Amino acid sequence: MTHHINYQVLARTTRPTKFSELIGQEALTQTLKNAIESGRLAHAFVLTGIRGVGKTTIARLIARALNCVGVDGTGQPTSEPCGVCDQCQMIAEDRHVDVIEVDAATRTGVDDMRQLMEGISYKPVMGRYKIYIIDEVHMLSKNAFNSLLKTLEEPPPHVKFIFATTEIRKVPLTILSRCQPFDLRRIPVDVLLTHFQNILQKEGVQFEMEALECIARAAGGSVRDGLSILEQAIVKVTDNKITVSTVQEMLGLADREKIATVFNCLMRGLVRECLEATKTLYEEGADPDIILQDLLGTTYQTLSFKVSGAVSAEGNKLQALAEKIEPKSLMLVWQVLMKGAEEMKASTMPLENLEVILIRAMHIQGMVGKENRGEIPSLVSSSLSPVSAVSSPVVSPERLVTSFRSDGMPKTFEDVIQLFEKKREPIIVDYLTNDVGLVDFRPGAIKLNQLRESTPNLQPKVAKFLSECTGASWLVELVTEKGQESLGVQRALAREKREKDALSTEEAKKISELFPGAQVVVK
Ligand SMILES: [Zn+2]
């Protein structure tokens, strides 16, 4: 079964006829309702917000609220217009003579405005108020604004102005200062999602939840844009079901899981895998520009999880990866991708451009090749699927703990050395391992005993470096008090002991008998 619904039918049939049906603008509607109920509505107000967020819908609701006379024809202005009286019905059908809707984008001239203003002094024909709804008011010419301003300075009591604009900064302050402002916010994704769900249930159309999520995200906070996408999806429906693949194809969207794979490879410096996954996405129809935007989104989510623990709907998939990435790397990647997004706008070779941006991001964060040296714990399995990566990480739990700990505050002297190993500071690692002995260790304070000569001035460097890495202050003191042997000596002694113990086992004795002269190496 295929649905055939005319373009933008949904936007009309689902347009709210009551304040209570407006979605995502609760604070604003409450203020408006209070003002209407108490009769304290300003004579002019301006509604601002992105397109398709409900500006003209609210303007018409206000027109109804002010002119409604109720079912019995004796009602006063109300925040709950009846919807059945002549006033309400004529406004709903766009044929109320006293409700004048003007699109400033097409009637910008001073003559248009003068003509409009001439009618203002006349009393309303059938309604309580004459209501002028001027959409895209910022498009008016300077002279038209001046003409409007004169009226706003001394408005007749029977007139109300409702201005709507997407660009309030282009509206002169002299106008704005005479209006009550109402900011309409973008409709949150979850609110849109519920709205679309209700609509589809009423229409009897089946859907995959993820498909609706894609639409809600693509709407960018605009109900109208969302409905328009939803409508196109309904038209494309086969087997009476909106599927995620239909929506992705329709919008040129990238598969979320594959984006996660690209991101995974990107953060781990797996150049070849990263580029392959990107190319697959492209071949499946994803726009390089959208891939880049999605990667930016993923970087943001991971970073915000990292610094604040905030988890979005998809965040939990990234959680495991996030624990192993430093905020610094994420910020670098963010910067490179952001700059890349600018370049992409002018690019004639979007895929190639995207690939170069990804390579740059991997090189700048210094991740290339680290995987092979085992510095970044392997997260994804060989299939590179991010889902299986989270459910069956190949990295051992111990490894996770140590790598996480060394990212934060070192808890032991060995942690400190491990941190410098990770930061690739071989001179300091050698100094701490072989040149000094530990006297006392507390997080934030280390006392060392110099055991042998070393490169000068390393001890203040250790303190400075630790403070930078951990964000806490560190005191590293050299004391004369005798402490432990150097860590290098301790390790050598421990190894000797293990070898001796191993050699004395029955098994080792047997091996020596079987292979005379063989050296048993303990691993
Ligand atoms: Zn009514």
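Residues numbered from 1 in each chain as written. Predicted model: local features only at pLDDT ≥ 70, side-chain atom pairs only at ≥ 80, totals over all residues. Heavy atoms only, no water.

J.: So what exactly am I meant to see when it comes to the overall build of the protein chain here?
T.: Of regular secondary structure, the protein chain possesses 25 helices and ten strands. Taken across its 523 residues, the protein chain has 45% of its residues classed as buried. On the protein chain, roughly 27,300 Å² of surface is accessible, and the fraction owed to carbon and sulfur atoms is 52%. (Helix = DSSP H or I, 4+ residues; strand = E, 2+ residues; numbered from the N terminus. Buried < 20%, exposed > 50% of the residue type's maximum accessible area, 1.4 Å probe, protein only. Areas by Shrake-Rupley, 256 points an atom, 1.4 Å probe, with all protein chains shown as cover.)

J.: What's the story with the sheet that holds strand β3 (residues 130-135) in this structure? I'm lost.
T.: Two pairing modes exist for strands in a sheet, parallel and antiparallel, and in both the strands are linked by backbone hydrogen bonds. Taken in spatial order, the five strands of this open sheet run β2-β3-β4-β1-β5, and their pairing is parallel. Every interior strand has two partners, whereas the edge strands, β2 (99-103) and β5 (180-183), have only one. Across the sheet, the mean angle separating the axes of adjacent strands is 15° when strand polarity is ignored. Summarising the sheet, strand β1 (residues 44-48) and β5 pair through four bridges and their orientation is parallel. Residue Phe 45 lies in a different strand from β5, and its bridge partner there is Gln 180. (Pairing = 2+ DSSP bridges. Axes fitted to C-alpha atoms, helices over the stretch in contact; angles between N-to-C directions.)

J.: Hey, could you run me through a nonpolar patch on the surface in this one?
T.: Taken together, the side chains of Val 97, Val 125 and Met 126 make up a nonpolar region of the molecular surface, amounting to roughly 270 Å² of accessible area. If you trace the backbone, Met 126 turns up in the loop between α5 (110-118) and β3. (Patch = residues over 30% accessible without salt bridge, like charges linked within 9 Å, V, L, I, M, F, W, Y side chains within 5 Å. Salt bridge = Lys/Arg side-chain N within 4 Å of Asp/Glu carboxyl O.)

J.: What exactly am I supposed to notice about helix α17 (residues 350-364) here?
T.: For the α-helix, the turn length of 3.6 residues means that residues three or four positions removed from each other point alike. With 15 residues, α17 should cover 21 Å at 1.5 Å per step; its first-to-last C-alpha distance of 21 Å lies within 8% of that length. Those residues of α17 not exposed but buried are Leu 351, Asn 353, Leu 354, Glu 355, Ile 357, Leu 358, Ala 361 and Met 362. Among the structural elements, α12 (256-268), α13 (271-283), α14 (288-308) and α16 (327-345) are those in contact with the buried residues of α17. (Expected span 1.5 Å × (residues − 1). Contact = heavy atoms within 4.5 Å.)

J.: Please explain the coordination of the zinc ion as it appears in this structure.
T.: In an ideal tetrahedron of four donors about a metal, each angle is 109.5 degrees. In an ideal octahedron of six donors, the angles are 90 or 180 degrees. Protein coordination at the zinc ion: the donors are Cys 68 (SG), Cys 82 (SG), Cys 85 (SG) and Cys 88 (SG), at 2.2 to 2.3 Å from the metal. Each of the four donor atoms bound to the zinc ion contributes to angles spanning 100 to 122°, and the resulting shape is tetrahedral. Each donor residue of the zinc ion belongs to the same chain, with the gaps between them written as C-x13-C-x2-C-x2-C. Taken together, the residues Cys 68 in the loop between α3 (55-67) and α4 (86-92) and Cys 88 in helix α4 connect sequence positions 20 residues apart. In this structure Cys 88 comes out as buried when scored by relative accessible area, which is 0%. (Donors = N, O, S within 2.8 Å, 3.2 Å for Na, K, Ca; no water. Tetrahedral: all angles 85-135°; square planar, octahedral: opposite > 155°, others 65-115°.)

J.: Where do I start with the pattern of salt bridges in this structure?
T.: Oppositely charged side chains can pair when the atoms bearing their charge come close. Under the defined criterion, the tally for this structure stands at 16 salt bridges. In this structure, Lys 33 engages Glu 80 in a salt bridge whose closest nitrogen and oxygen atoms are separated by 3.4 Å. A residue pair is termed long-range when its members are at least 10 positions apart, and Lys 33 in helix α2 (residues 26-37) and Glu 80 in the loop between α3 and α4 qualify at 47 residues. Each of Arg 272, Glu 273 and Glu 276 takes part in salt bridges that share partners, so that together they form one network.

J.: Can you walk me through the sheet that holds strand β8 (residues 436-442) in this structure?
T.: The three strands lie next to each other as β8-β9-β10, forming an open sheet whose pairing is mixed. Two strands bound the open sheet, and with one partner strand each, they are β8 and β10 (475-478). Strand-to-strand twist across the sheet, computed as the mean angle between neighbouring axes with direction ignored, equals 20°. Across four bridges, strand β9 (residues 445-450) lies against β10 in parallel orientation. Counterpart to Leu 448 in the pairing with β10 is Leu 478. Together, β9 and β10 form the strand contacts of helix α23 (residues 458-470), whose direction differs from that of β10 by roughly 165°.

J.: What should I look at first to understand the pairing of β1 in this one?
T.: Side-chain positions along a regular strand alternate between the two faces of the sheet. With five of five residues buried, β1 is to be regarded as a mostly interior element. Where burial is concerned, the two faces of β1 agree: the one with Ala 44, Val 46 and Thr 48 and the one with Phe 45 and Leu 47 are both buried. Where β1 meets strand β4 (residues 159-165), five bridges bridge the pair, whose relative direction is parallel. Residue Leu 47 lies in a different strand from β4, and its bridge partner there is Ala 164.

J.: Mind showing me how you'd approach the packing of helix α8 (residues 189-203) against helix α9 (residues 209-218) here?
T.: For any two helices packed against each other, the geometry comes down to the angle between their axes and how far apart the axes lie. Relative to each other, α8 and α9 sit at 125°, their axes nearing to 9 Å. By the angle class used here, α8 and α9 are oblique. For the pair α8 and α9, the crossing hand works out as right-handed. Contact with α8, carried on its side by Val 189, Leu 192, Leu 193, Phe 196, Gln 197 and Leu 200, involves Met 209, Leu 212, Glu 213, Ile 215, Ala 216 and Arg 217 of α9 and no other residues of that element. Tallied by class, the residues present in the contact of α8 with α9 amount to nine nonpolar, one polar and two charged. (Parallel < 35°, antiparallel > 145°, perpendicular 65-115°, else oblique. Left-handed = near helix turned anticlockwise from the far one by under 90°. Nonpolar A, V, L, I, M, F, W, Y, C, P; charged D, E, K, R; others polar.)

J.: Quick question: what am I supposed to make of the pairing of β8 here?
T.: Two elements, β8 and β9, share six bridges in a ladder whose sense is antiparallel. Its bridge partner being in β9, Leu 438 is matched across the sheet by Leu 448. What sits between β8 and β9 in their antiparallel hairpin is a turn of two residues, with Gly 444 showing a positive phi close to 105°.

J.: Just to check I follow, could you spell out the nonpolar core for this structure?
T.: Buried together is how nonpolar side chains tend to be arranged in soluble globular proteins. Core analysis: the biggest nonpolar cluster contains 52 residues, and Ile 62, Leu 230 and Ile 242 have the highest contact counts within it. Top contributing element to this core by residue count: α3, with seven residues. Both domain 1 (25-183) and domain 2 (189-251) contribute no fewer than three residues apiece to this core. Ranked by size, the runner-up nonpolar core spans 31 residues in total, among them Ala 277, Leu 292, Leu 337 and Met 362. (Core = buried A, V, L, I, M, F, W, Y, C linked by side-chain atoms within 4.5 Å. Domains from an automatic or database assignment.)

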